[in-house]
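An overview of the molecular structure
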Amino acid sequence: EMPPAALDHYLGAYYDAMAAHLGPDGHLVIEWMARLLDRDLPLKIVPANIVCCWGVAHHTGSMWEAIDHVAGCVAEDGMLLLAIYNRTKHSGTWLTIKRIYNWAPAPIKKLLLLGFHTKTFTSLMLHGQNPRRFLQQYVKNRGMSYFRDVEDWLGGLPYEYASVDEVRSYLA
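Computed from a predicted model, the values in this text were never measured in an experiment.

A surface patch of nonpolar side chains, about 640 Å² in accessible area, is lined by I100, W103, I108, L111, L112 and L114. Every element with two or more residues in the nonpolar patch is listed here: α4 (91–103) and α5 (106–126). Turning to its location among the elements, I108 is positioned in helix α5.

Across six bridges, strand β1 (residues 48–54) lies against strand β2 (residues 74–83) in parallel orientation. The partner of V51 across the bridge, within β2, is L80.

Taken as a whole and judged by the stated rule, the model has one salt bridge. For E166, the salt bridge goes to R87, with nearest N and O atoms at 2.9 Å. Of this pair, E166 sits in helix α8 (residues 164–171) while R87 sits in the loop between β3 (85–86) and α4; the two residues are 79 residues apart in sequence, bridging distant segments of the chain. For E166, a relative accessible area of 30% gives the class partly exposed.

Attention now goes to the packing of α5 against helix α7 (residues 146–155). The relative placement of two packed helices is expressed as an angle between their axes plus a distance between the axes. Closest axis-to-axis distance for the α5/α7 pair is 11 Å, and the angle between their directions is 120°. With respect to their mutual orientation, α5 and α7 come out oblique. You can see that α5 and α7 cross each other, and the crossing is right-handed. Within the contact between the two elements, α5 uses L112, L113, F116, H117, T120 and F121 and α7 uses Y146, F147, V150, E151, W153 and L154.

Here V139 is to be found in helix α6 (residues 131–142). A residue is classified by how much of its surface remains accessible, and V139, at 44% relative accessible area, is partly exposed. Along the sequence, V139 and D149 sit ten residues apart, while their C-alpha atoms lie 9.9 Å from each other.

Calculation rules
- Residues numbered from 1 in each chain as written.
- Predicted model: local features only at pLDDT ≥ 70, side-chain atom pairs only at ≥ 80, totals over all residues.
- Heavy atoms only, no water.
- Patch = residues over 30% accessible without salt bridge, like charges linked within 9 Å, V, L, I, M, F, W, Y side chains within 5 Å.
- Areas by Shrake-Rupley, 256 points an atom, 1.4 Å probe, with all protein chains shown as cover.
- Salt bridge = Lys/Arg side-chain N within 4 Å of Asp/Glu carboxyl O.
- Helix = DSSP H or I, 4+ residues; strand = E, 2+ residues; numbered from the N terminus.
- Pairing = 2+ DSSP bridges.
- Buried < 20%, exposed > 50% of the residue type's maximum accessible area, 1.4 Å probe, protein only.
- Axes fitted to C-alpha atoms, helices over the stretch in contact; angles between N-to-C directions.
- Parallel < 35°, antiparallel > 145°, perpendicular 65-115°, else oblique.
- Left-handed = near helix turned anticlockwise from the far one by under 90°.
- Contact = heavy atoms within 4.5 Å.

So, in structure tokens, the structure goes:
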């Protein structure tokens, strides 16, 4: 946890560094991609001042091991920007939903998706928001389609989570 202005500063530096790797079409050129569960990962790369592991470690099936490996890539006095699912009172419920979704046959999955979308768009309209504008802004704000994100929420396994205090204690 850090003040929003500090996070904006570090994320700005991260995005500036990424911009140096943009191809002519404006897409990020990934020259090297790490496997978070590779125990030799910290030995394979030069430690970096800013390491970003955003929305990935909690989908590996071995979140703490992945966090260990990526933390080992951070230079002394560097910063790890880590985004994982936060432990909430609903975390166990979401795990159950994901398991049901993955177990369900395709027609049931479609019904679950339809129910989720109906709830979302009804709520938007009841609050005076335009669903089309919401979808357009969603891609800009999240970097992925709302529909893809919902599939991840409903069915994204593996699914692990931790509180800020759990992560801090682990990395201390």
